[in-house]
Amino acid sequence: MANTLRLYLTCIRNTLEAAMCLQNFPCQEVERHNKPEVELKTSPELLLNPVLICRNEAEKCLIETSINSLRISLKVKQADELENILTKKFLRFLSMRAEAFQVLRRKPVQGYDISFLITNYHCEEMQKQKLIDFIVQFMEDIDKEISELKMSVNTRGRLVATEFLKQFV
Amino acid sequence: MMAGAEKFVEADNAEAIITRIEHKSRKIESLLKQNKPVEALKTALEGSPPMTRDERCKSANWIVVHRALMAIKDVEGMFSSLDPEYYDILMKYLYRGLSTGDRPTCDQCLRIHEKLTERAGLGCILRSLADTVNTV
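Throughout, a residue's number is its position along its own chain's written sequence, starting from 1. For naming, the first written chain is A and the first written ligand is 1, with later ones following in the order written. Confidence filtering applies because this is a predicted model: local features only for residues at pLDDT of at least 70, side-chain atom pairs given and counted only at 80 or more, and all residues used for totals across whole chains, interfaces and linings. Hydrogens and water molecules were not included; the side-chain quantities draw on all heavy atoms of the structure.

### Section: the sheet that holds strand 1 (residues 51–54) of chain A
All names here are of chain A.
Turning to step 1, where the next piece is worked out: A pair of strands counts as paired when DSSP detects no fewer than two bridges linking them. The helix count covers DSSP runs of H or I at least four residues long, the strand count covers runs of E at least two residues long, and both are numbered beginning at the N terminus. Pairing within the open sheet is antiparallel, and its four strands lie in the order 1-2-3-4. Both edges of this open sheet fall to strand 1 and strand 4 (114–119), since each of them pairs with a single strand only. Ignoring strand direction, the axes of neighbouring strands in this sheet form an average angle of 15°.
Turning to step 2, where the next piece is worked out: In this structure, strand 1 lies alongside strand 2 (residues 60–65), joined through four bridges in antiparallel fashion. Along strand 2, the bridge assignment pairs C54 with K60. Note on geometry: axes are lines fitted to C-alpha atoms, helical ones only across the stretch in contact, with angles between N-to-C directions running from 0 to 180 degrees.

### Here's the deal with the environment of N56(A)
Turning to step 1, where the next piece is worked out: On the secondary structure map, N56(A) appears in the loop between strand 1 and strand 2.
Turning to step 2, where the next piece is worked out: When a residue's accessible area, from a 1.4 Å probe over protein chains only, is under 20% of the maximum for its type it is buried; when over 50% it is exposed; and in between it is partly exposed. For N56(A), a relative accessible area of 8% gives the class buried.
Turning to step 3, where the next piece is worked out: Remark: the alpha-carbon pair of N56(A) and T4(A), spanning 52 residues in sequence, is separated by 9.6 Å.
Turning to step 4, where the next piece is worked out: The contact rule is simple, with two residues in contact once any of their heavy atoms fall within 4.5 Å. With residues up to four places along the chain from it excluded, the contact list for N56(A) reads G101(B) and R103(B).
Turning to step 5, where the next piece is worked out: At 2.9 Å, the side chain of N56(A) forms a polar contact with the backbone nitrogen of A58(A).
Turning to step 6, where the next piece is worked out: For this analysis, a polar contact is any N or O atom pair within 3.5 Å, provided that within protein one partner can donate a hydrogen and the other can accept it, and provided that sequence-adjacent residues contribute only side-chain to side-chain pairs. Here E59(A) takes part through its backbone nitrogen, which lies 3.0 Å from a polar atom of the side chain of N56(A).

### A short note on the interface of chain B and chain A
Turning to step 1, where the next piece is worked out: Taken together, the contacts link 22 residues of chain B with 22 residues of chain A.
Turning to step 2, where the next piece is worked out: It is L110(B), E114(B) and L129(B) that lose the most area in chain B upon contact with chain A, and together they represent 31% of the buried surface on that side.
Turning to step 3, where the next piece is worked out: In the sections that follow, a salt bridge refers to a side-chain nitrogen of Lys or Arg positioned within 4 Å of a carboxyl oxygen of Asp or Glu. Where chain B touches chain A, the interface holds two salt bridges.
Turning to step 4, where the next piece is worked out: We note a salt bridge from E57(A) to R103(B), for which the minimum N-O separation is 3.9 Å. Two parts placed together each lose some accessible area under a 1.4 Å probe, and the buried area is that loss summed for both.

### Structural notes on the pairing of strand 4 of chain A
Residue and element names in this part refer to chain A.
Turning to step 1, where the next piece is worked out: Extensive coverage of strand 4 is indicated by the burial of six of its six residues.
Turning to step 2, where the next piece is worked out: Neither face of strand 4 is exposed, since I114, F116 and I118 on one face and S115, L117 and T119 on the opposite face are all buried.
Turning to step 3, where the next piece is worked out: Here strand 3 (residues 69–75) pairs with strand 4 via six bridges, running antiparallel. Across the sheet, residue I72 finds its bridge partner in strand 4, namely F116.

### Overview of the side chain of T65(A)
Turning to step 1, where the next piece is worked out: You can see T65(A) is positioned in strand 2.
Turning to step 2, where the next piece is worked out: Accessibility expressed as a relative area gives 1% for T65(A), which makes it buried.

### What about the packing of aromatic side chains?
How two aromatic rings sit relative to each other is set out by the distance from centre to centre and by the angle between their planes.
Turning to step 1, where the next piece is worked out: Centres within 6.5 Å are what make two rings of Phe, Tyr or Trp a pair, Trp counting through its six-membered ring; a difference in plane orientation under 30 degrees is then read as stacked, over 60 as edge-to-face, and the rest as tilted. Here the structure, examined in full by the defined rule, presents seven aromatic pairs over all chains.
Turning to step 2, where the next piece is worked out: Ring geometry for W62(B) against Y93(B): centres 6.2 Å apart, planes inclined by 10°, an arrangement best described as stacked. Of this pair, W62(B) sits in helix 3 (residues 55–70) while Y93(B) sits in helix 5 (residues 87–98), placing them 31 residues apart in sequence.
Turning to step 3, where the next piece is worked out: A relative accessible area of 2% means that Y93(B) is categorised as buried.
Turning to step 4, where the next piece is worked out: Between F79(B) and Y87(B), the ring centres sit 6.0 Å apart and the planes meet at 75°, which makes this aromatic pair edge-to-face. There is no split in this pair, since F79(B) and Y87(B) are both buried.
Turning to step 5, where the next piece is worked out: Among the aromatic side chains, those forming a connected cluster through ring pairs are F101(A), F116(A), F134(A) and F138(A).
Turning to step 6, where the next piece is worked out: In this scheme, Lys NZ or Arg CZ marks a charge over a ring once it lies within 6 Å of the ring centre and within 35 degrees of the ring normal. Here the basic side chain of R97(A) rests over the ring of F93(A), its NZ or CZ set 4.0 Å away from the ring centre.

This is the structure in C-alpha coordinates:
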(Lines give C-alpha, C1' and ligand atoms only; values in the text may rest on other atoms or scores of the structure.)
Protein backbone atom coordinates (compact mmCIF):
# COMPACT_ATOMS: atom_id res chain seq x y z
CA MET A 1 0.00 0.00 0.00
CA ALA A 2 2.72 2.38 1.01
CA ASN A 3 4.71 1.23 -1.99
CA THR A 4 2.05 2.23 -4.49
CA LEU A 5 1.82 5.63 -2.83
CA ARG A 6 5.57 6.08 -3.27
CA LEU A 7 5.39 4.99 -6.93
CA TYR A 8 2.37 7.22 -7.55
CA LEU A 9 4.14 10.27 -6.09
CA THR A 10 7.36 9.48 -7.98
CA CYS A 11 5.45 9.24 -11.23
CA ILE A 12 3.74 12.58 -10.58
CA ARG A 13 7.03 14.18 -9.60
CA ASN A 14 8.77 12.98 -12.76
CA THR A 15 5.90 14.06 -14.98
CA LEU A 16 5.82 17.50 -13.35
CA GLU A 17 9.56 17.93 -13.75
CA ALA A 18 9.21 17.21 -17.43
CA ALA A 19 6.02 19.22 -17.93
CA MET A 20 7.04 22.35 -16.04
CA CYS A 21 8.84 23.97 -18.93
CA LEU A 22 7.02 27.27 -19.09
CA GLN A 23 7.94 30.49 -20.87
CA ASN A 24 6.27 33.82 -21.29
CA PHE A 25 3.85 33.90 -24.22
CA PRO A 26 1.65 36.94 -24.79
CA CYS A 27 -1.87 36.28 -26.00
CA GLN A 28 -2.10 35.70 -29.76
CA GLU A 29 -5.65 36.92 -30.18
CA VAL A 30 -5.74 40.08 -28.11
CA GLU A 31 -2.83 42.48 -28.08
CA ARG A 32 -1.20 43.49 -24.82
CA HIS A 33 -2.90 40.61 -23.01
CA ASN A 34 -1.13 37.74 -21.32
CA LYS A 35 -3.36 34.82 -20.40
CA PRO A 36 -2.66 31.30 -19.09
CA GLU A 37 -3.25 29.26 -22.22
CA VAL A 38 -4.13 26.08 -20.38
CA GLU A 39 -7.27 27.72 -19.01
CA LEU A 40 -8.52 29.14 -22.29
CA LYS A 41 -7.54 26.34 -24.68
CA THR A 42 -8.12 28.55 -27.72
CA SER A 43 -5.06 27.54 -29.78
CA PRO A 44 -4.33 23.81 -30.04
CA GLU A 45 -0.71 24.37 -31.09
CA LEU A 46 0.06 25.83 -27.66
CA LEU A 47 -1.27 22.86 -25.71
CA LEU A 48 0.42 19.58 -24.89
CA ASN A 49 -1.30 16.26 -24.32
CA PRO A 50 -3.08 16.16 -20.97
CA VAL A 51 -1.95 13.29 -18.80
CA LEU A 52 -4.11 11.39 -16.32
CA ILE A 53 -2.28 9.41 -13.65
CA CYS A 54 -4.53 7.13 -11.61
CA ARG A 55 -3.40 5.30 -8.54
CA ASN A 56 -6.65 3.33 -8.31
CA GLU A 57 -10.32 3.91 -9.02
CA ALA A 58 -10.62 6.62 -6.36
CA GLU A 59 -7.41 8.64 -6.61
CA LYS A 60 -6.19 10.39 -9.72
CA CYS A 61 -4.21 13.36 -10.89
CA LEU A 62 -4.74 15.27 -14.14
CA ILE A 63 -1.81 17.28 -15.46
CA GLU A 64 -2.49 19.65 -18.35
CA THR A 65 0.35 21.73 -19.78
CA SER A 66 0.58 24.56 -22.24
CA ILE A 67 3.32 26.92 -23.31
CA ASN A 68 2.97 29.34 -20.40
CA SER A 69 0.95 27.52 -17.77
CA LEU A 70 0.36 24.18 -16.12
CA ARG A 71 -2.77 22.94 -14.39
CA ILE A 72 -2.72 20.09 -11.86
CA SER A 73 -6.04 18.68 -10.64
CA LEU A 74 -6.22 16.15 -7.82
CA LYS A 75 -8.90 13.77 -6.72
CA VAL A 76 -8.33 12.68 -3.14
CA LYS A 77 -9.28 9.26 -1.79
CA GLN A 78 -12.61 9.34 0.02
CA ALA A 79 -13.51 6.09 1.69
CA ASP A 80 -16.91 6.94 3.19
CA GLU A 81 -19.52 9.69 3.53
CA LEU A 82 -17.78 11.34 6.46
CA GLU A 83 -14.47 11.60 4.60
CA ASN A 84 -16.38 12.93 1.61
CA ILE A 85 -17.81 15.81 3.64
CA LEU A 86 -14.55 16.50 5.47
CA THR A 87 -12.56 16.59 2.23
CA LYS A 88 -15.03 18.91 0.57
CA LYS A 89 -15.09 21.32 3.50
CA PHE A 90 -11.35 21.29 4.09
CA LEU A 91 -10.40 21.78 0.46
CA ARG A 92 -13.04 24.48 0.05
CA PHE A 93 -11.48 26.24 3.05
CA LEU A 94 -8.09 26.11 1.33
CA SER A 95 -9.41 27.16 -2.08
CA MET A 96 -11.08 30.24 -0.58
CA ARG A 97 -7.64 31.35 0.60
CA ALA A 98 -6.06 30.76 -2.80
CA GLU A 99 -4.48 34.25 -2.78
CA ALA A 100 -2.16 33.22 0.03
CA PHE A 101 -1.10 30.05 -1.78
CA GLN A 102 -0.50 31.83 -5.10
CA VAL A 103 -0.45 28.61 -7.12
CA LEU A 104 -3.86 27.37 -6.00
CA ARG A 105 -6.92 27.69 -8.22
CA ARG A 106 -10.07 29.12 -6.64
CA LYS A 107 -12.33 26.46 -8.03
CA PRO A 108 -11.31 22.87 -8.71
CA VAL A 109 -11.73 21.54 -12.22
CA GLN A 110 -14.98 19.64 -12.80
CA GLY A 111 -14.67 16.12 -11.41
CA TYR A 112 -11.73 16.85 -9.10
CA ASP A 113 -11.28 18.03 -5.53
CA ILE A 114 -8.58 20.66 -5.86
CA SER A 115 -6.62 22.32 -8.66
CA PHE A 116 -3.34 24.18 -8.98
CA LEU A 117 -2.50 26.66 -11.69
CA ILE A 118 1.21 27.36 -12.18
CA THR A 119 2.21 30.05 -14.64
CA ASN A 120 5.56 31.12 -16.06
CA TYR A 121 5.60 34.04 -13.61
CA HIS A 122 5.53 31.59 -10.70
CA CYS A 123 8.42 29.70 -12.25
CA GLU A 124 10.38 32.91 -12.61
CA GLU A 125 9.83 34.03 -9.03
CA MET A 126 10.06 30.64 -7.36
CA GLN A 127 12.27 27.64 -7.88
CA LYS A 128 10.82 24.90 -10.07
CA GLN A 129 12.10 22.12 -7.80
CA LYS A 130 10.58 23.74 -4.74
CA LEU A 131 7.23 24.12 -6.51
CA ILE A 132 7.22 20.42 -7.37
CA ASP A 133 8.24 19.54 -3.80
CA PHE A 134 5.35 21.65 -2.56
CA ILE A 135 2.79 19.87 -4.73
CA VAL A 136 4.01 16.39 -3.77
CA GLN A 137 4.23 17.32 -0.09
CA PHE A 138 0.70 18.72 -0.31
CA MET A 139 -0.58 15.41 -1.66
CA GLU A 140 1.04 13.50 1.20
CA ASP A 141 -0.19 15.91 3.85
CA ILE A 142 -3.78 16.00 2.60
CA ASP A 143 -4.25 12.32 3.38
CA LYS A 144 -2.84 12.76 6.88
CA GLU A 145 -4.98 15.84 7.55
CA ILE A 146 -8.20 14.15 6.48
CA SER A 147 -7.51 11.09 8.67
CA GLU A 148 -6.72 13.35 11.61
CA LEU A 149 -9.93 15.33 11.09
CA LYS A 150 -11.96 12.15 10.84
CA MET A 151 -10.45 10.79 14.04
CA SER A 152 -11.13 14.02 15.93
CA VAL A 153 -14.74 14.09 14.69
CA ASN A 154 -15.28 10.51 15.84
CA THR A 155 -13.65 11.15 19.22
CA ARG A 156 -15.72 14.26 19.83
CA GLY A 157 -18.88 12.48 18.76
CA ARG A 158 -18.17 9.66 21.19
CA LEU A 159 -17.43 12.04 24.07
CA VAL A 160 -20.57 14.09 23.47
CA ALA A 161 -22.75 11.01 23.19
CA THR A 162 -21.31 9.54 26.41
CA GLU A 163 -21.92 12.78 28.32
CA PHE A 164 -25.41 13.19 26.96
CA LEU A 165 -26.51 9.64 27.61
CA LYS A 166 -25.12 9.70 31.16
CA GLN A 167 -28.21 11.57 32.28
CA PHE A 168 -30.36 8.62 31.30
CA VAL A 169 -28.35 6.06 33.20
CA MET B 1 -4.24 18.57 -47.63
CA MET B 2 -1.71 15.89 -46.74
CA ALA B 3 -3.74 15.09 -43.63
CA GLY B 4 -6.89 15.02 -45.73
CA ALA B 5 -5.42 12.50 -48.14
CA GLU B 6 -4.24 10.41 -45.24
CA LYS B 7 -7.65 10.44 -43.60
CA PHE B 8 -9.18 9.10 -46.80
CA VAL B 9 -6.64 6.31 -46.93
CA GLU B 10 -7.28 5.58 -43.24
CA ALA B 11 -10.89 4.53 -43.74
CA ASP B 12 -9.88 1.71 -46.09
CA ASN B 13 -6.72 0.93 -44.19
CA ALA B 14 -8.46 0.61 -40.83
CA GLU B 15 -9.72 -2.86 -41.65
CA ALA B 16 -6.26 -3.89 -42.82
CA ILE B 17 -4.69 -2.51 -39.66
CA ILE B 18 -7.15 -4.29 -37.41
CA THR B 19 -6.48 -7.59 -39.15
CA ARG B 20 -2.76 -6.99 -38.70
CA ILE B 21 -3.33 -6.30 -35.00
CA GLU B 22 -5.32 -9.52 -34.57
CA HIS B 23 -2.53 -11.42 -36.28
CA LYS B 24 -0.05 -9.74 -33.92
CA SER B 25 -2.11 -10.68 -30.87
CA ARG B 26 -2.06 -14.34 -31.84
CA LYS B 27 1.72 -14.19 -32.14
CA ILE B 28 1.92 -12.50 -28.73
CA GLU B 29 -0.26 -15.16 -27.10
CA SER B 30 2.07 -17.85 -28.37
CA LEU B 31 5.14 -15.92 -27.17
CA LEU B 32 3.59 -15.53 -23.72
CA LYS B 33 2.90 -19.25 -23.55
CA GLN B 34 6.60 -19.81 -24.26
CA ASN B 35 7.38 -17.55 -21.28
CA LYS B 36 8.96 -14.76 -23.34
CA PRO B 37 7.21 -11.61 -22.06
CA VAL B 38 9.87 -9.21 -23.37
CA GLU B 39 9.61 -10.46 -26.95
CA ALA B 40 5.84 -10.26 -26.64
CA LEU B 41 6.10 -6.64 -25.57
CA LYS B 42 8.51 -5.86 -28.43
CA THR B 43 6.11 -7.37 -30.96
CA ALA B 44 3.23 -5.44 -29.45
CA LEU B 45 5.09 -2.12 -29.60
CA GLU B 46 6.58 -2.65 -33.06
CA GLY B 47 3.71 -2.44 -35.40
CA SER B 48 2.07 0.44 -33.51
CA PRO B 49 0.15 2.33 -36.17
CA PRO B 50 1.65 5.80 -35.80
CA MET B 51 -0.48 7.99 -38.03
CA THR B 52 -3.83 6.32 -37.44
CA ARG B 53 -6.66 8.62 -36.40
CA ASP B 54 -9.07 5.73 -36.10
CA GLU B 55 -10.01 5.11 -32.48
CA ARG B 56 -10.73 1.45 -33.10
CA CYS B 57 -7.19 0.74 -34.32
CA LYS B 58 -5.73 2.54 -31.34
CA SER B 59 -7.98 0.66 -28.90
CA ALA B 60 -7.22 -2.65 -30.58
CA ASN B 61 -3.50 -2.01 -30.37
CA TRP B 62 -3.84 -0.85 -26.76
CA ILE B 63 -5.54 -4.12 -25.79
CA VAL B 64 -2.66 -6.07 -27.30
CA VAL B 65 0.02 -3.95 -25.60
CA HIS B 66 -1.90 -4.15 -22.32
CA ARG B 67 -1.87 -7.91 -22.45
CA ALA B 68 1.89 -7.95 -22.98
CA LEU B 69 2.52 -5.34 -20.26
CA MET B 70 0.54 -7.19 -17.59
CA ALA B 71 2.49 -10.38 -18.27
CA ILE B 72 5.81 -8.74 -17.38
CA LYS B 73 7.01 -9.73 -13.92
CA ASP B 74 10.68 -8.75 -13.99
CA VAL B 75 10.89 -5.06 -14.88
CA GLU B 76 14.67 -4.69 -14.56
CA GLY B 77 15.26 -7.70 -16.77
CA MET B 78 12.87 -6.33 -19.33
CA PHE B 79 14.83 -3.11 -19.69
CA SER B 80 18.12 -4.88 -20.15
CA SER B 81 16.76 -6.56 -23.28
CA LEU B 82 14.50 -3.78 -24.64
CA ASP B 83 16.03 -1.49 -27.30
CA PRO B 84 16.00 2.26 -26.61
CA GLU B 85 14.00 2.93 -29.77
CA TYR B 86 10.96 1.45 -28.03
CA TYR B 87 11.21 3.71 -24.97
CA ASP B 88 9.16 6.58 -26.40
CA ILE B 89 6.29 4.46 -27.62
CA LEU B 90 6.30 2.49 -24.36
CA MET B 91 6.02 5.73 -22.39
CA LYS B 92 2.96 6.75 -24.41
CA TYR B 93 1.31 3.42 -23.70
CA LEU B 94 2.18 3.70 -20.00
CA TYR B 95 0.31 6.97 -19.79
CA ARG B 96 -2.62 5.41 -21.55
CA GLY B 97 -2.54 2.61 -18.98
CA LEU B 98 -2.37 5.07 -16.11
CA SER B 99 -5.45 6.88 -17.38
CA THR B 100 -7.59 3.73 -17.23
CA GLY B 101 -7.86 3.77 -13.43
CA ASP B 102 -7.94 0.01 -13.18
CA ARG B 103 -5.93 -0.94 -10.10
CA PRO B 104 -3.68 -3.78 -11.35
CA THR B 105 -2.99 -1.94 -14.62
CA CYS B 106 -2.07 1.23 -12.74
CA ASP B 107 0.17 -0.68 -10.32
CA GLN B 108 2.06 -2.30 -13.16
CA CYS B 109 2.28 0.92 -15.16
CA LEU B 110 3.55 2.90 -12.17
CA ARG B 111 6.24 0.29 -11.55
CA ILE B 112 7.42 0.34 -15.15
CA HIS B 113 7.14 4.13 -15.35
CA GLU B 114 9.60 4.65 -12.51
CA LYS B 115 12.19 2.36 -14.07
CA LEU B 116 11.67 3.73 -17.55
CA THR B 117 12.18 7.31 -16.35
CA GLU B 118 15.43 6.26 -14.68
CA ARG B 119 16.54 4.71 -17.95
CA ALA B 120 15.25 7.10 -20.55
CA GLY B 121 15.18 10.36 -18.61
CA LEU B 122 12.73 13.24 -18.56
CA GLY B 123 13.07 13.77 -22.31
CA CYS B 124 11.08 10.62 -22.89
CA ILE B 125 8.21 11.95 -20.78
CA LEU B 126 8.31 15.30 -22.52
CA ARG B 127 8.25 13.69 -25.96
CA SER B 128 5.16 11.71 -25.04
CA LEU B 129 3.51 14.93 -23.78
CA ALA B 130 4.50 17.06 -26.73
CA ASP B 131 3.66 14.66 -29.54
CA THR B 132 0.10 15.66 -30.35
CA VAL B 133 0.22 14.11 -33.83
CA ASN B 134 1.11 10.50 -33.07
CA THR B 135 -1.01 9.65 -30.06
CA VAL B 136 -1.86 6.23 -28.78
